[in-house]
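Survey of secondary and tertiary structure
Each chain, written out:
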Amino acid sequence: MNAKTSENPIPSPASVRNSLAPLIERYAVEEGVTETQYPGLVLGRFNRPVPRYPLVYSPSICVVAQGRKHVYTANERVVYDPLHYLVVALPLPLEAEVVIASPKRPFLAMALEIDMSLVGKLLLEMSEEEQLEEDSHLGKSICTSNMNENLLNAVKRLLQALETPATRRILGPGAAWEILY
């Protein structure tokens, strides 16, 4: 979640779509949520807009490859799309709606559950200055941030690691660690 835009440019929506959509479509062939073989990674595909529905988000990082989704808390609407990823820090009961999706361009997304023990290890590895670098969302249980090239590439590597059991086991954890960072 360390994203300096001056050093790490924001990709275009087309770049995100072209990088991630084919990888998500490979595994999320049916409409709805698809569990993957990588622990804590789920994919979503919706071929049409979906009206608001209640759900509980677990702590996770959610990236949209194509389309747009709104998530509602008690007093705020949070929008995420190919240019903005969602971070949910705590288990939260929310309402969500898929607002942009069609059969030709389905809503495609992935969610990686946050392993809190890895967050602890990551914080131990980081200096105090690095931890406080991006404190604009400090204390928020849900927020969006700008997608950046580093995160896009890490998500792409994680999705590519789904291809075989060996790549899931060997390359998946490194990509997940990078996404968390």
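Keep in mind it's a predicted model, so treat the numbers as computed, not measured.

**Topic: the sheet that holds strand β8 (residues 92–100)**
Pairing within the open sheet is antiparallel, and its 4 strands lie in the order β3-β8-β5-β6. Looking at which strands have only one partner, the edges of the open sheet turn out to be β3 (50–57) and β6 (77–80). Neighbouring strand axes in the sheet, compared pairwise and without regard to direction, differ in orientation by 25° on average. In terms of strand pairing, strand β5 (residues 68–72) meets β8 through 5 bridges, oriented antiparallel.

**Thoughts on the environment of lysine 69**
On the secondary structure map, lysine 69 appears in strand β5. Taking the C-alpha atoms as reference points, lysine 69 and alanine 109, 40 residues apart in sequence, are found 9.5 Å from one another. Excluding residues within four positions of it along the chain, lysine 69 makes contact with Tyr53, Tyr57, Val78, Val79, Tyr80, Ala96, Glu97, Val98, Val99 and Phe107. Engagement of the side chain of lysine 69 in a polar contact is seen with the side chain of tyrosine 53, the distance being 3.4 Å.

**Some words on the confidence of the model for the chain**
Here the chain averages 88 in pLDDT, and 88% of its residues register 70 or above. Put simply, helix α3 (residues 128–132) is where the chain has its lowest mean pLDDT, 54, and strand β2 (residues 41–46) is where it has its highest, 98. Counting interchain partners and residues more than four positions distant, the pLDDT-below-50 stretch residues 1–6 has 14 contacts.

**Considering helix α6 (residues 172–180)**
Residues spaced three or four apart along an α-helix face the same direction, because each turn holds 3.6 residues. Among the residues making up α6, those that are buried are Gly172, Ala175, Ala176, Ile179 and Leu180. Down the axis of α6, the sector holding all buried residues measures 140°, keeping them to one side.

**A look at the environment of serine 102**
Positionally, serine 102 belongs in the loop between β8 and β9 (107–113). For serine 102, a relative accessible area of 27% gives the class partly exposed. Sequence separation between serine 102 and proline 49 is 53 residues, and the spatial gap between their C-alpha atoms is 7.2 Å. Apart from residues lying up to four places away in sequence, serine 102 is in contact with Asn47 and Arg48. One polar contact links the side chain of serine 102 to the main-chain amide nitrogen of arginine 105, over a distance of 3.0 Å.

**So, the sheet that holds strand β4 (residues 60–66)**
Spatially, β1-β2-β9-β4-β7-β10 is the arrangement adopted by the 6 strands of the open sheet, whose pairing is antiparallel. The sheet is open, and its two edges are formed by β1 (32–35) and β10 (142–146), each paired on a single side. Here the average twist between neighbouring strands, direction ignored, is 25°. Where β2 and β9 come together, 6 bridges link them in antiparallel fashion. Looking at the pairing, arginine 45 lines up with leucine 108 of β9.

What counts as what
Residues numbered from 1 in each chain as written. Predicted model: local features only at pLDDT ≥ 70, side-chain atom pairs only at ≥ 80, totals over all residues. Heavy atoms only, no water. Pairing = 2+ DSSP bridges. Helix = DSSP H or I, 4+ residues; strand = E, 2+ residues; numbered from the N terminus. Axes fitted to C-alpha atoms, helices over the stretch in contact; angles between N-to-C directions. Contact = heavy atoms within 4.5 Å. Polar contact = N/O pair within 3.5 Å; in protein donor to acceptor, adjacent residues only side chain to side chain. pLDDT = per-residue confidence, 0-100. Buried < 20%, exposed > 50% of the residue type's maximum accessible area, 1.4 Å probe, protein only. Arc of directions from axis to C-beta.

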